[in-house]
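Overview (structure and organization)
Listed here are the chains, written in short residue letters.
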Amino acid sequence: MEFELNTTPDPQDTPPERSGAERQALFLELLLRDAPAVEYERPVLRARSDGSDAETVAALENAKFAALRVRSVLRDRQRRESELSALFETANDLAGMRSLDQVLRAIVERARHLLGTDVAYLTLSDAEAGDTYMRVTSGSVSATFQRLRLAPGKGLGGLVASTSLPYVTANYFADPRFEHAENIDDGVREEGLVAILGVPLRMNGRRVGVLFAANRRERPFAHSEVALLSSLATHAAIAIDNANLIDDTRRALDELHTVNERLQRHTASVERSAAAHDRFTDLVLDGGGVREVAAAVAEVLGATVRIHDRTSDESVTACPEGVASATHVRGMADATGAAGVTGATASPGSTGAARVREMAGVRRVPEGSGDPLSDGDAGIAEAARSSLASGRAVCVGDAWVAAAAAGTEPLGTLVLRGVELDSTDQRVLERAAMVTALLLLIRRSVSETEHRVRGDLLNELLEVPERDPVSLRQRAALLHADLDTPHVLVVAEALGGDPQRLRSAADFAAETVGGLAAARGGRLVLALPGSDPSEVGSRVSAELSAAANGPVTAGLAGPTRGPETFRDAFTEAVRCLQTLRALGRIGDAATADDLGFSGLLLSQDRDVPGFVAAALGPLLEYDAKRGTLLVETLRAYFAAGGNLSRAKDDLHIHVNTVAQRLERIGQLIGTDWQVPDRALELQLALHLHGLLDQGVDLVGDQ
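Residues numbered from 1 in each chain as written. Predicted model: local features only at pLDDT ≥ 70, side-chain atom pairs only at ≥ 80, totals over all residues. Heavy atoms only, no water.

Let's talk about the overall build of the protein
Helix and strand counts for the protein come out as 23 helices and 18 strands. Looking at the protein as a whole, 44% of its 702 residues qualify as buried. Intrachain contacts of the protein at a sequence separation of at least 6 include 59% that bridge at least 24 residues. Counting every atom, the protein has about 34700 Å² of accessible surface; 51% of that belongs to carbon and sulfur. (Helix = DSSP H or I, 4+ residues; strand = E, 2+ residues; numbered from the N terminus. Buried < 20%, exposed > 50% of the residue type's maximum accessible area, 1.4 Å probe, protein only. Contact = heavy atoms within 4.5 Å. Areas by Shrake-Rupley, 256 points an atom, 1.4 Å probe, with all protein chains shown as cover.)

Here we look at the packing of helix α8 (residues 223–285) against helix α9 (residues 290–301)
Contact geometry for α8 and α9: axes closest at 11 Å, N-to-C directions at 170°. Regarding the angle of α8 to α9, the classification is roughly antiparallel. Remark: the crossing between α8 and α9 carries right-handed chirality. Touching Arg272, Ala276, Arg279, Phe280 and Leu283 of α8 are Glu292, Val293, Ala295, Ala296, Val297, Glu299 and Val300, all from α9. Here the residues of the contact of α8 with α9 sort into eight nonpolar, no polar and four charged. (Axes fitted to C-alpha atoms, helices over the stretch in contact; angles between N-to-C directions. Parallel < 35°, antiparallel > 145°, perpendicular 65-115°, else oblique. Left-handed = near helix turned anticlockwise from the far one by under 90°. Nonpolar A, V, L, I, M, F, W, Y, C, P; charged D, E, K, R; others polar.)

Details of the side chain of Glu225
Inspection of the secondary structure assignment puts Glu225 in helix α8. Apart from residues lying up to four places away in sequence, Glu225 is in contact with Leu115, Leu197, Arg219 and Pro220.

Regarding the pattern of salt bridges
Applying the stated criterion across every chain, the model contains 25 salt bridges. We note a salt bridge from Asp588 to Arg585, for which the minimum N-O separation is 3.2 Å. The partly exposed category is assigned to Asp588, whose relative accessible area is 30%. Accessibility expressed as a relative area gives 30% for Arg585, which makes it partly exposed. Salt bridges linked by common partners bring Glu41, Arg48, Glu61 and Lys64 together as one network. (Salt bridge = Lys/Arg side-chain N within 4 Å of Asp/Glu carboxyl O.)

Thoughts on the packing of aromatic side chains
The way to describe two aromatic rings as a pair is by their centre distance and the angle between their planes. Applying the stated criterion across every chain, the model contains eight aromatic pairs. Taking 5.3 Å as the distance between ring centres and 75° as the angle between the ring planes, the aromatic pair formed by Tyr172 and Phe173 counts as edge-to-face. Among the aromatic residues, ring-to-ring pairing joins Tyr167, Tyr172, Phe173 and Phe178 into one connected group. If you follow Arg219 out to its NZ or CZ, it ends over the ring of Phe221, 4.2 Å from the centre. (Phe/Tyr/Trp six-rings, centres within 6.5 Å; stacked < 30°, edge-to-face > 60°. Lys NZ or Arg CZ within 6 Å of the ring centre and 35° of its normal.)

This is the structure:
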């Protein structure tokens, strides 16, 4: 018998003898097209309406029940197939996720979708607190619920977490199996949940958390739903563990990257430190100075550095591109400029002290830019004092300060700006401060020795110059001094001045120009190259006055003519100083010529014609050009005791003529010619002029 499976025969069209078998076959057709359960009653009802016997009806009933059982089994298998498909799809999706938050959110979304519940949520275990906390929710509307923490054994979730077994309830609040906690019940009640299913999340026997599905109405959860959520929880635990591993790996890689960067920075710092150490060592061995230290620090640390030398009040500023400026702070730069050192480099034979001072760009700077310990910013000064006490670099604002010291004695200060220093770079700056202190100590020792040698040489020249002129010249040559070059002798004193500062200023003034300096009897004695005593004296007096912060009185003599004339020039300079002090001319600098007739008496050469020319020169020139008798009129006026009548009788002219001539004299030599001191000088000059006119040898050449 052939039967079309895709068609459903009408029972009324079926022959009576075949109606029973045909109608039983109808159940297979119903199963094939997945008909609703109500349609399975129709064959039985039609058989009864057709008057079929009881045996036939019973057979149809049995076939119906069998078909319905088959239908139920097929439905279960379809559902299981759908669930497995969904699980595989979920596992595949979770495997491709790398973010833990993304994985957790996908898990609760899939749980809510698979079980068709109102809410799904997931709690994770907190190993430190010993409880579980709400991590992610789907469908939740209560903020209180989303912040819940479940203590072990409390509520359904706490019980699942502590026992690692799934629990289900159709009505949470009516279920006596659970130990209710106020905070949990408040959260569940605010969310409106009634039926709850919870399954554990476990990985390798370790509790991870709990996965929940819940409804806001009472409903039972079938065993298949519990099994489905448990399977999803198993996949979720694996995905969570993988995501944690990925996060741990990512953090480890980030940490390794951070450590690698730190190691690279440390390696670079160590290399900079080693390079700086080698450079500082070479600098010391090569006889470098503060300028070279500043350049090395600026280049190695890549910042601007200023080094102040307290021993000479000099500051050197350098940037990574090179030395920006070298400045001398208090009053000594003029000597350098006058000596032609500005813009020059140190000569090969220069000593350590001279190297630093013979630098390009030496210029005067304001007083406020001097020693950071006293003249600078208050913060820098405090940092410098702190560094001096601790021996470490100190940060203040955007600057790093390191003191260069010998014990507790400050020798200099390094101020670095424009860069943040790590611990290694700080050690570089501190090592630079130590090198600076060492160089300054070496320079001071060399300078003190050189100054002492210069002083000893000058003292010998002033005491016994004829003892060994050849030896004196050789010793002077070692100090870059030429005794046969004309020198000016300067004897200076400053009442109340700091002797050490004055001596340092004198040594500096002498050293920069190849001269000599010494201290004798509380006075400073300088022998400086030059042929103009007035010019040399005014320059040195200005420098010494700046160092003393007060007036300096100086007697001048020279120029010398070989080492054997130093002693006589010194004697004349001392007499000039004594005369200036006796005349009350404190703060002046003068030669014998500047002292008038007093200088004539003091001078070793006694230049009588020069004295006469200085006193009467304008009158002599006037008489010679115009044939007048102004010199004779002045002589007669003094001889008459200043009486015009007697003077006109001696000159045989009218008194008005005498008055007119005296007025002309005042116009030529100054209106103060009748002041006693000036009048005395003029009378002495008139007397000497008369002797010279009569052929008397006052020069000593004959």
